[in-house]
Amino acid sequence: MQGDIAVMLGRNAIKCPDNLCFWPKDNGSVRVPYLISSDYTPSEMDVILQAMKEFSTLTCVKFVNRTLQTDYLYFTPVDGCWSYLGRTGGQQIVSLNKDGCLISGVIQHEVNHALGFQHEQCRSDRDQYIKIHWENLDSANQYNFMKMDTNNLGIPYDYSSVMHYGRYAFTNATGKATIELLKDTNALIGQRYGISPTDVLRINRLYSCADVCSSLFTEEEGTVTSANTSQYNHHSNCVFLIRVPARKVLLNFETFDIRRSAGCGSDYIKIYDGDSKDSPVLVNKTCGTDHIPALFSSSNKMLIEFASDGTTSTFRAKYKTVACGVTITAMKGEFTSLNYPGIYPNNYDCTWVLSAPKGYKISVMVPSFHLENSPACVYDYMTIQEVTQSDPIVTRKLCGDAPVPAFVSSGNMVEIYIHTDRSVQSSGVRVQYEFVPLQA
């Protein structure tokens, strides 16, 4: 049914009498047992596990290894990508072929079916938001677009849902859409990056996840603040997951005022390099008004944990997508532009944030420097910026082949950025640095 929903014979797959097709809730969490077929390699299993982590981070649905549970999901490569709708009882197959199905958003799409969710374009109110072009569908495929009597939970229609078909799904003629958008006509539909913020809201509302405080950010850039959620006033812990479509996340705090406590035991910010609290820690529990350096993720995901037992703690941070960047905390070392000492690439942007401990300053030396020369360094250039809590950013913008004078910061954070344009290349730069005590 609808392309990827398996139907149990003799069972009404659309209605859910007495909520029997929902997974049971116990002590505030919905625990869904699962088993992954040994037909998958360890790396393929990891793709499935990673896709499930976002559910556990953002909702009260927790996926647990099956032990003796009777009802459980069984991920196995049967034939294509498909799932049953809701909990069916016993071993419940989620078919994920190795060829084409082991993509995070596809896995989450099928898991959402198993949690009880229909396709978005088959919602009962869909005719207000989309038009189905039946003339572009063969009769054998029209059943995939039949409107269903769905419970929409009072949640608006979501073009960005991971449960939405694409514009040309099942079309019988190349270039002819089967789905036309009636409102936001330029919206992206059929995305398989992952669950959307509205998908998260839908799960939390269906399963009454009242104690969950979470927000999901999926745009290429945006702002994360304590005001993004009204729940933190009476919740002790909230999470903000940033998941950009590709590349890395760069996070910069603009304001940071977290009520200080012993060991940051009550109010704090903690930041993870990934999509769960099992991910590597970028910044451990931090409170007070100390400046947090610019942070880079190693993938397209970064998680902010915010704990507060009152309303006095606030923060504001901006994020954006970047192709290259790293935060450096080692006491001394060096780094180079890409391909050094060979020719650096065109259209190259990279940032290195040198973050020294409190009580240290940063000595920067550039023993080799070769960038395209131009008046005011408008084409290829390197900037050295000292970032402090109270003073303006001090910026040096450099290009050409002239020796770069040694630079010593007054504070404990320096940002070095390299930009190249679409033509004229050179060998780039080699930078050495050392963190030294302020009194030195």
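Residues numbered from 1 in each chain as written. Predicted model: local features only at pLDDT ≥ 70, side-chain atom pairs only at ≥ 80, totals over all residues. Heavy atoms only, no water.

A. Region of interest: the overall build of the protein chain. Check the secondary structure of the protein chain and you find three helices and 27 strands. Principal-axis analysis of the C-alpha atoms gives the protein chain an extent of 80 × 55 × 45 Å. A burial count over the protein chain gives 50% of its 440 residues as buried. Counting only contacts in the protein chain whose residues sit at least 6 apart along the sequence, the fraction spanning at least 24 positions is 75%. When the accessible area of the protein chain is evaluated, it comes to approximately 20100 Å², of which 50% is carbon and sulfur surface. Charge-centre separation for the protein chain: the mean point of 38 positive side chains lies 3 Å from the mean point of 44 negative side chains. (Helix = DSSP H or I, 4+ residues; strand = E, 2+ residues; numbered from the N terminus. Buried < 20%, exposed > 50% of the residue type's maximum accessible area, 1.4 Å probe, protein only. Contact = heavy atoms within 4.5 Å. Areas by Shrake-Rupley, 256 points an atom, 1.4 Å probe, with all protein chains shown as cover. Lys, Arg positive; Asp, Glu negative; His and termini not counted. Charge placed at Lys NZ, Arg CZ, Asp CG, Glu CD.)

B. Here's a closer look at the environment of Ser355. Position of Ser355 among the secondary structure elements: in strand 21 (residues 349-355). By relative accessible area, Ser355 is classed as buried at 13%. Each C-alpha atom of the pair Ser355 and Ile328 lies 6.0 Å from the other, and the pair is 27 residues apart in sequence. Residues contacting Ser355, with those up to four places away along its chain left out, are Pro293, Thr327, Ile328, Thr329, Asn412 and Phe435.

C. Structural detail: the state of the cysteines. Across all of its chains, the model carries six disulfides by this definition. With a sulfur-sulfur separation of 2.1 Å, Cys264 is cross-linked through a disulfide to Cys287. In this structure the cystine formed by Cys264 and Cys287 twists about its S-S bond by roughly -80°; its chirality is therefore left-handed. Separated by 23 residues along the polypeptide, Cys264 in the loop between strand 13 (248-257) and strand 14 (268-272) and Cys287 in the loop between strand 15 (281-286) and strand 16 (295-296) bring together distant segments of the chain. Exposure remark for Cys287: the relative accessible area of 4% places this residue in the buried category. Between Cys122, a free cysteine, and Cys21, which holds the nearest cysteine sulfur, the sulfur-to-sulfur gap is 17 Å. Of the residues examined, Cys122 reaches a relative accessible area of 0% and is grouped as buried. (Disulfide = S-S within 2.5 Å.)

D. Here's a closer look at the environment of Pro280. Relative to the helices and strands, Pro280 is located in the loop between strand 14 and strand 15. Sequence separation between Pro280 and Ser297 is 17 residues; the distance between their C-alpha atoms is 10.0 Å. Beyond its immediate chain neighbours, meaning those up to four positions away, Pro280 contacts Ile271, Tyr272 and Asp273.

E. Examining unusual backbone geometry more closely. Here the bond from Tyr340 into Pro341 is cis, since omega is 0°, no more than 30 degrees from zero. Tracing the backbone through its elements, the reader meets Pro341 in the loop between strand 20 (332-336) and strand 21. The phi dihedral of Cys264 is positive, around 50°, even though this residue is not glycine. We classify Cys264 as buried; its relative accessible area is 11%. Even without being a glycine, Ala376 presents a positive backbone phi close to 65°. Relative accessible area serves as the criterion here: at 64%, Ala376 is assigned to the exposed category.

F. View of the nonpolar core. Grouped together as the largest cluster of nonpolar side chains are 44 residues, with contacts concentrated most on Ile48, Phe63, Leu73, Phe75, Leu96, Leu115 and Tyr207. For this core, the secondary structure elements donating two or more residues are strand 3 (29-36), helix 1 (42-58), strand 4 (61-65), strand 5 (72-76), strand 7 (91-96), helix 2 (104-115), helix 3 (197-206) and strand 12 (237-243). The residues touching Tyr207, leaving out its near neighbours within four places in the chain, are Phe22, Trp23, Lys25, Val30, Cys60, Val61 and Leu115. Ranked by size, the runner-up nonpolar core spans 27 residues in total, among them Leu251, Tyr268, Ile304 and Ala317. (Core = buried A, V, L, I, M, F, W, Y, C linked by side-chain atoms within 4.5 Å.)

G. Molecular detail of a nonpolar patch on the surface. A surface patch of nonpolar side chains, about 300 Å² in accessible area, is lined by Trp134, Tyr143 and Met146. Tracing the sequence through the fold places Tyr143 in the loop between strand 8 (130-132) and strand 9 (179-181). Looking at Tyr143, the relative accessible area reads 43%, which means it is partly exposed. (Patch = residues over 30% accessible without salt bridge, like charges linked within 9 Å, V, L, I, M, F, W, Y side chains within 5 Å. Salt bridge = Lys/Arg side-chain N within 4 Å of Asp/Glu carboxyl O.)

H. Focus on the sheet that holds strand 20. Spatial strand order, 20-27-22-25: four strands in an open sheet with antiparallel pairing. Whereas interior strands pair on both sides, the edge strands pair on one side only; in this sheet they are strand 20 and strand 25 (404-408). With direction set aside, neighbouring strand axes in the sheet form an average angle of 15°. Note: strand 22 (residues 360-370) against strand 25, three bridges, orientation antiparallel. (Pairing = 2+ DSSP bridges. Axes fitted to C-alpha atoms, helices over the stretch in contact; angles between N-to-C directions.)

I. The packing of helix 1 against helix 2, seen in detail. It is at 9 Å that the axes of helix 1 and helix 2 come closest, and there the two elements cross at 60°. The angle between helix 1 and helix 2 places the two elements in the oblique class. Considering only the axes of helix 1 and helix 2, their crossing is right-handed. The segment helix 1 lies against helix 2, with Val47, Ile48, Ala51, Glu54 and Phe55 engaging Ser104, Ile107, Gln108, Val111, Asn112 and Leu115. Residue composition of the contact of helix 1 with helix 2, by class: seven nonpolar, three polar and one charged. (Parallel < 35°, antiparallel > 145°, perpendicular 65-115°, else oblique. Left-handed = near helix turned anticlockwise from the far one by under 90°. Nonpolar A, V, L, I, M, F, W, Y, C, P; charged D, E, K, R; others polar.)

J. Just the side chain of Ser308, in detail. Tracing the backbone shows Ser308 in the loop between strand 17 (301-307) and strand 18 (314-322). Among the polar contacts listed, one links the side chain of Ser308 to the side chain of Asp267, at a separation of 3.2 Å. (Polar contact = N/O pair within 3.5 Å; in protein donor to acceptor, adjacent residues only side chain to side chain.)

K. How the structure looks around helix 2. A rise of 1.5 Å per residue sets the reference length of helix 2, with its 12 residues, at 16 Å; its end C-alpha atoms lie 16 Å apart and thus fit the reference within 8%. Of all 12 residues that make up helix 2, 11 are buried, and the element is covered over most of its length. Taken together, the buried positions of helix 2 are occupied by Gly105, Val106, Ile107, Gln108, His109, Glu110, Val111, Asn112, His113, Ala114 and Leu115. (Expected span 1.5 Å × (residues − 1).)

L. Structural detail: the packing of aromatic side chains. A complete count under the given rule lists 16 aromatic pairs for this structure. With centroids separated by 5.7 Å and ring planes inclined at 90°, the aromatic side chains of Phe253 and Phe256 adopt a geometry described as edge-to-face. In this pair, the class of Phe253 matches that of Phe256, namely buried. When the ring of Tyr433 is compared with that of Phe435, the centres are 5.4 Å apart and the planes differ by 45°; the resulting orientation is tilted. A relative accessible area of 6% means that Tyr433 is categorised as buried. Ring pairing ties together the aromatic residues Phe240, Phe253, Phe256, Phe306 and Phe315, which thus form one cluster. Across from the ring centre of Tyr268, 4.6 Å away, lies the NZ or CZ of Lys285, which sits over that ring. (Phe/Tyr/Trp six-rings, centres within 6.5 Å; stacked < 30°, edge-to-face > 60°. Lys NZ or Arg CZ within 6 Å of the ring centre and 35° of its normal.)

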